[in-house]
Amino acid sequence: MSFKSKTALVTGSTSGIGLAIARAFAAEGANIVINGFGKPEQIETARTAIESDFGVRAHYSAADMSKADQIQAMVKEAEGMFGSVDILVNNAGIQFVSPIEEFPGEKWDQIIAINLSSAFHTMKAAVPGMKARGWGRIINTASAHSLVASPYKSAYVAAKHGIAGLTKTAALELAQHKITVNCISPGYVWTPLVEAQIPDTMKARGLTKEQVIDDVMLKAQPTKEFVTVEQVAALAVFLCSDSASQMTGANLSMDGGWTAQ
Ligand code: NAD
């Protein structure tokens, strides 16, 4: 598969799943726009590694996915720089865990803005160009929480269910424009963030590393293994291939069997 003449914009791609997706599209020859927060030197290292590892151009946008004007400017800037945004991956996301009655209102607003509304704003900005060129791929990183709930994650679960609905609606609207819209719903994915939580949980609950992984983190994941960022990225690349041109409006689980229960 080659995406040599294409540009992929991946929101929330300074780490974790987004960075793996960005690198996977670069490996197929696409120019890349990465986005997200983090230490400037680490972001620059990630950006230059994409360029040197894969011989493509990579641009970093610091746009805040909770701000519609910054999202519009990011898409415009990408189109100006590379000529198009052909592949759009809405991946930026944050989490907050609290009972509803104690859930801070501003956290609710922030999660809905970053995990859900940002995808509306990026699509609104990028779809006209995709329609004009007669090709586009939109992938939303949802979650097993787009299909099932867990307690204390009200905003996250609402946003992820919302993005599954937005995915279906956009798929129907764009079905005759050779633009597909799908979401990927991972279960627990092995990221640096997840890894970093293990020692604290071991200490707090007096558990071994294996107990934390099997009985706490992967309690709901029947395979008792984490999804890898590379596996999510490989599915994203497949969704942009010609073989996937008739897949649209789908919510694709990659969750070790979690939502089969
Ligand atoms: P991560 O924290 O490594 O990545 C999140 C990215 O979003 C980072 O690049 C961060 O800088 C960026 N971001 C946060 N707020 C932003 C903002 N306001 N504007 C722009 N960028 C912002 O986490 P991850 O696990 O790689 O998560 C990526 C996506 O995958 C999220 O949507 C998350 O909900 C989803 N997901 C993760 C898992 C998991 O187990 N890790 C499971 C299912 C779904």
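These notes cover the structure that comes with them. (Residues numbered from 1 in each chain as written. Predicted model: local features only at pLDDT ≥ 70, side-chain atom pairs only at ≥ 80, totals over all residues. Heavy atoms only, no water.)

## What about the pattern of salt bridges?
Thinking step 1. In total, this model carries five salt bridges according to the counting rule given.
Thinking step 2. Between R47 and E51 there is a salt bridge whose closest N-O contact spans 3.2 Å. On the criterion of helical spacing, the pair formed by R47 and E51 is a turn pair, its members being four residues apart in helix α2 (residues 40-54).
Thinking step 3. On the basis of relative accessibility, which here comes to 16%, the residue R47 falls in the buried class.
Thinking step 4. Of the charged contacts in the structure, one is a salt bridge between D64 and K67, with a shortest N-O distance of 3.5 Å.
Thinking step 5. Several salt bridges converge on common partners, so that one network encompasses E44, R47 and E51. (Salt bridge = Lys/Arg side-chain N within 4 Å of Asp/Glu carboxyl O. Helix = DSSP H or I, 4+ residues; strand = E, 2+ residues; numbered from the N terminus. Buried < 20%, exposed > 50% of the residue type's maximum accessible area, 1.4 Å probe, protein only.)

## What to know about the sheet that holds strand β4 (residues 87-90)
Thinking step 1. Read from one edge to the other, the open sheet built from seven strands follows the order β3-β2-β1-β4-β5-β6-β9, with strand pairing classed as parallel. The open sheet is flanked by β3 (58-61) and β9 (251-254), the only strands paired with a single partner. When strand polarity is set aside, the average angle formed by the axes of neighbouring strands in this sheet is 15°.
Thinking step 2. Examined bridge by bridge, β4 and strand β5 (residues 136-141) share four bridges and lie parallel to one another. From the neighbouring strand, L88 faces β5, where its bridge partner is I138.
Thinking step 3. Running over the sheet, helix α4 (residues 105-133) touches β4, β5 and β6 (179-186) and is turned about 175° from β4. (Pairing = 2+ DSSP bridges. Axes fitted to C-alpha atoms, helices over the stretch in contact; angles between N-to-C directions. Contact = heavy atoms within 4.5 Å.)

## Side note on the packing of helix α1 (residues 16-27) against helix α8 (residues 229-239)
Thinking step 1. The interhelical angle for the contact between α1 and α8, taken along N-to-C directions, is 50°, at an axis separation of 8 Å. Taken as axis vectors, α1 and α8 run oblique relative to one another. Note that α1 runs across α8; the crossing there is right-handed. Residue-level contacts link G16, I17, A20, I21, A24 and F25 of α1 to V229, V232, A233, A236 and V237 of α8.
Thinking step 2. When grouped by side-chain class, the residues that make up the contact of α1 with α8 number 10 nonpolar, one polar and no charged. (Parallel < 35°, antiparallel > 145°, perpendicular 65-115°, else oblique. Left-handed = near helix turned anticlockwise from the far one by under 90°. Nonpolar A, V, L, I, M, F, W, Y, C, P; charged D, E, K, R; others polar.)

## Here we look at the environment of T201
Thinking step 1. One can find T201 in helix α6 (residues 192-205).
Thinking step 2. Residue classification places T201 among the buried residues on the basis of a relative accessible area of 18%.
Thinking step 3. Ignoring anything within four residues of it in the chain, the contact list for T201 reads G206, V212 and V216.

## Quick look at the layout of surface pockets
Thinking step 1. In this structure, the largest pocket spans a volume of roughly 1600 Å³.
Thinking step 2. Residue lining of the largest pocket: 46 residues in total, with G93, Q95, Y156, T191 and L193 positioned closest to the centre.
Thinking step 3. Of all the secondary structure elements, the ones that give two or more residues to the lining of the largest pocket are α1, α5 (154-174), α6 and α7 (209-217).
Thinking step 4. Among the elements that line the lining of the largest pocket, the one with the most residues is α6, at seven residues.
Thinking step 5. Here the lining of the largest pocket is built from residues that sort into 21 nonpolar, 18 polar and seven charged.
Thinking step 6. Estimated volume of the second largest pocket: approximately 200 Å³.
Thinking step 7. Lining the second largest pocket, in full, are F120, M123, K124, V127, K131, L166, T169, A170, E173 and L174.
Thinking step 8. For the lining of the second largest pocket, the secondary structure elements donating two or more residues are α4 and α5.
Thinking step 9. Of the residues that constitute the lining of the second largest pocket, the class distribution is six nonpolar, one polar and three charged. (1 Å grid on protein atoms, 1.4 Å probe; cavity = no way out; pocket = protein on both sides within 12 Å on 5 of 7 lines; lining within 4 Å. Points joined across faces, edges and corners; volume = space filled by probe spheres on them.)

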